[in-house]
Amino acid sequence: MTSEVAGLLDSPEAARVGAVLVIDLAALTANWRDMAARAPGAECAAVVKANGYGLGDVAVASALWKAGARSFFVADIEAGVRVKTALPASRTIVLHGVPAGTEAELAARDLVPVLSSLAETERWGAQARLLGRKLPAFIHIDTGMNRLGLPPIELDRLCNDPVNLLAGIDLQAWMSHLACADDPDNPFTAEQLRRVRMALARLPKAPVSLSNSGGIFHGADYHFDLVRPGIALYGANPAPWLPNPMRPVIRLLARILQVRDVAPPDTVGYDATHRITAPGTVAALGMGYADGYPWALAGKGMAMVGGYAVPLIGRVSMDLLTADVTGVPEHLLQVGGWADIIGPHRDVDQVAREAGTIGYEILTRLGSRYHRAYVGG
């Protein structure tokens, strides 16, 4: 453990919580620069939705701003206000667009909505006319995900009458979203690129954004004018067919709350699912599913205590994990010490695989109770 991390764990803030989330801002910004270098002809934005993938959207965006990022994608207006207030000169883009009744606030806050329907486009245009000035927007074209974006029938209408339907709008980009970019063999990625190009041939000229983290790895054809990495910035593997090229960003440590000796026929945790088969030692750790650690990891996974790998045993409780620390020397096993839950021994992607989920979920479920300690920035 580095002296910087050790100092954070000894802080008064860390003393008040059961677990500490260490966030390496130097690694985060290095990952953004890596993504930018892979798309040299495009602006590299940053996706900081879901509270910066669980790491704190303002802290993440501020570090990336210092590294050179100027455009930030958030999900909703609430997050947009936070980021824009912290970084007034940024271009803060709201993926959920303009909910009815929020037009005046979005315009007053200088937020850039992503418009996903002609009705939304008309409301934004009407607000522009009311203010007597053009208002900025991205327009999302659905190329097959069937979530947000102009469906084909609305795209046809827009192509046939762009002057009237875009009146009052400062069109900053056309965008779409890749559904299968993390699977290099899925033909749907190339099909979406074809659909984007077909749409662009019928639409007014404007910058274009298509690639998420995985899309950047598909090459220059997918980069266009703006790429928008998300998961890659936070250290998970955006291209699972390759060794992870990203630097790890988080380290999650849980406090050792109690250490006790056990022997048969003792059991551990709810439902007595773990039975002790030989004399040993168990440690209770200060985090659980209320902190976003998956309940599905009951009886799975490992932690590190004093440099020793220890299995996590029994149920995942709301506020507690339990570890079999039988092999850890006594001088390294102290109440008030720390166990590594996610870190050099087990990264986000490995924890996700063990839980039967994806790295995105592990990151974005990181709970509010952690003390978030920032290093490298």
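In what follows, the structure referred to is the one given above.
Colleague: Could you give me a rundown of the overall build of the protein, with the residues and numbers involved?
Modeller: A count of helical and extended segments in the protein gives 14 helices and 19 strands. Projected onto its principal axes, the C-alpha positions of the protein cover 80 × 45 × 40 Å. Within the protein, buried positions represent 53% of all 377 residues. Counted over contacts in the protein with a minimum sequence separation of 6, partners at least 24 positions apart contribute 65%. Carbon and sulfur atoms make up 54% of the accessible area of the protein, which totals about 16,400 Å². With 34 positive and 37 negative side-chain charges, the protein shows a spacing of 4 Å between the two charge centroids.

Colleague: Break down the environment of Val 328 for me, citing the residues and quoting the values.
Modeller: Structurally, Val 328 is set in the loop between β17 (321–324) and β18 (338–342). In sequence terms Val 328 and Val 310 are 18 residues apart; their C-alpha atoms lie 8.2 Å from each other. Not counting chain neighbours up to four residues away, the residues in contact with Val 328 comprise Val 305, Tyr 308, Val 310 and Leu 333.

Colleague: Now, about the pairing of strand β1 (residues 19–24): what can you tell me, with residues and values included?
Modeller: Extensive coverage of β1 is indicated by the burial of five of its six residues. With five bridges joining them, β1 and strand β11 (residues 250–262) adopt antiparallel strand pairing. Following the sheet pairing, Ile 23 is matched in β11 by Ile 250. Bridge analysis of β1 against strand β19 (residues 371–375) gives five bridges, and the strand direction is parallel. Counterpart to Val 22 in the pairing with β19 is Ala 373.

Colleague: Go over the side chain of Thr 143 with me, naming the residues and quoting the values.
Modeller: Summarising the element assignment, Thr 143 is placed in the loop between β7 (135–140) and α9 (152–160). Residue classification places Thr 143 among the buried residues on the basis of a relative accessible area of 4%. Residues within four places of Thr 143 in sequence aside, it is in contact with Ser 176, His 177, Phe 188, Gln 192, Arg 195 and Val 196.

Colleague: Before we move on, could you go through the environment of Gln 258 and cite the residues and values that matter?
Modeller: Locating Gln 258 in the fold gives a position in strand β11. For the pair Gln 258 and Gln 334, spaced 76 residues apart in sequence, the C-alpha to C-alpha distance is 8.4 Å. Beyond its immediate stretch of four places on either side in the chain, Gln 258 contacts Val 282, Ala 283, Ala 284 and Val 335. At 2.6 Å, the side chain of Gln 258 and the side chain of Arg 260 are in polar contact.

Colleague: Describe the nonpolar core, naming the residues involved and giving the relevant values.
Modeller: Core analysis: the biggest nonpolar cluster contains 111 residues, and Leu 285 and Ile 341 have the highest contact counts within it. Look past the residues within four positions of Ile 341 in its chain and what remains in contact with it is Leu 252, Ala 254, Leu 285, Met 287, Tyr 293, Met 302, Ala 303, Leu 321, Arg 346 and Val 351. Ala 14, Val 22, Trp 338 and Ala 373 belong to the second-largest nonpolar core, a separate cluster that totals 10 residues.

Colleague: So, helix α13 (residues 348–355): which residues are in play, and what are the values?
Modeller: Within α13, six of the eight residues are buried, leaving the element largely enclosed by the surrounding structure. Among the residues making up α13, those that are buried are Val 348, Asp 349, Val 351, Ala 352, Glu 354 and Ala 355. Buried-residue contacts for α13 involve β11, β18 and α14 (359–364). Near the N-terminus of α13, the side chain that reaches the backbone nitrogen of Asp 349, with its oxygen 3.2 Å away, is that of Asp 347. Trailing α13 by a residue or two, Gly 356 shows a phi angle of about 70 degrees, which is positive.

Colleague: Describe the packing of helix α5 (residues 57–67) against helix α6 (residues 77–86), and please don't skip the residues or the numbers.
Modeller: It is at 9 Å that the axes of α5 and α6 come closest, and there the two elements cross at 40 degrees. Considering their axes alone, α5 and α6 lie oblique with respect to each other. Of the two elements, α5 crosses α6, and the hand of that crossing is right-handed. Every residue of α6 that contacts α5 at Asp 57, Val 58 and Ala 61 is listed here: Ala 79, Arg 82, Val 83 and Ala 86.

What counts and what doesn't
- By convention here, each chain's residues receive numbers from 1 onward along its written sequence.
- The model is predicted, so local features are restricted to residues of pLDDT at least 70 and side-chain atom pairs to those at 80 or more, both for listing and for counting; the totals for chains, interfaces and linings are taken over all residues.
- To get the side-chain values, take all heavy atoms of the structure and skip hydrogens and water.
- Helix numbering and strand numbering both begin at the N terminus, where a helix is a DSSP run of H or I of at least 4 residues and a strand a DSSP run of E of at least 2.
- Relative accessibility under 20% of the residue-type maximum defines a buried residue, over 50% an exposed one, and the middle range a partly exposed one, all with a 1.4 Å probe and only protein chains included.
- Contacts are assigned to residue pairs that have any heavy atoms within 4.5 Å of one another.
- The accessible surface values rely on the Shrake-Rupley method and a 1.4 Å probe; as for residues, cover is taken only from the protein chains in view.
- Only four residue types enter the tally: Lys and Arg on the positive side, Asp and Glu on the negative side, with His and both chain ends excluded.
- Where a charge lies is defined by one atom per residue type: Lys uses NZ, Arg uses CZ, Asp uses CG and Glu uses CD.
- At least two DSSP bridges between two strands are required for those strands to pair.
- N or O atoms within 3.5 Å of each other form a polar contact, as long as, within protein, one can give a hydrogen and the other can take it, and as long as residues adjacent in sequence are counted only when both atoms are side-chain atoms.
- In this text, buried Ala, Val, Leu, Ile, Met, Phe, Trp, Tyr and Cys residues form a nonpolar core when linked through side-chain atoms within 4.5 Å.
- As a rule, the C-alpha atoms of each element are fitted with a line to give its axis, helices using only the stretch in contact, and angles between N-to-C directions run from 0 to 180 degrees.
- Here the angle decides the label: under 35 degrees means roughly parallel, over 145 means roughly antiparallel, 65 to 115 means roughly perpendicular, and every other value means oblique.
- Take the far helix as the reference: if the near one is turned anticlockwise from it by less than a right angle, the crossing is left-handed, and if turned clockwise, right-handed.

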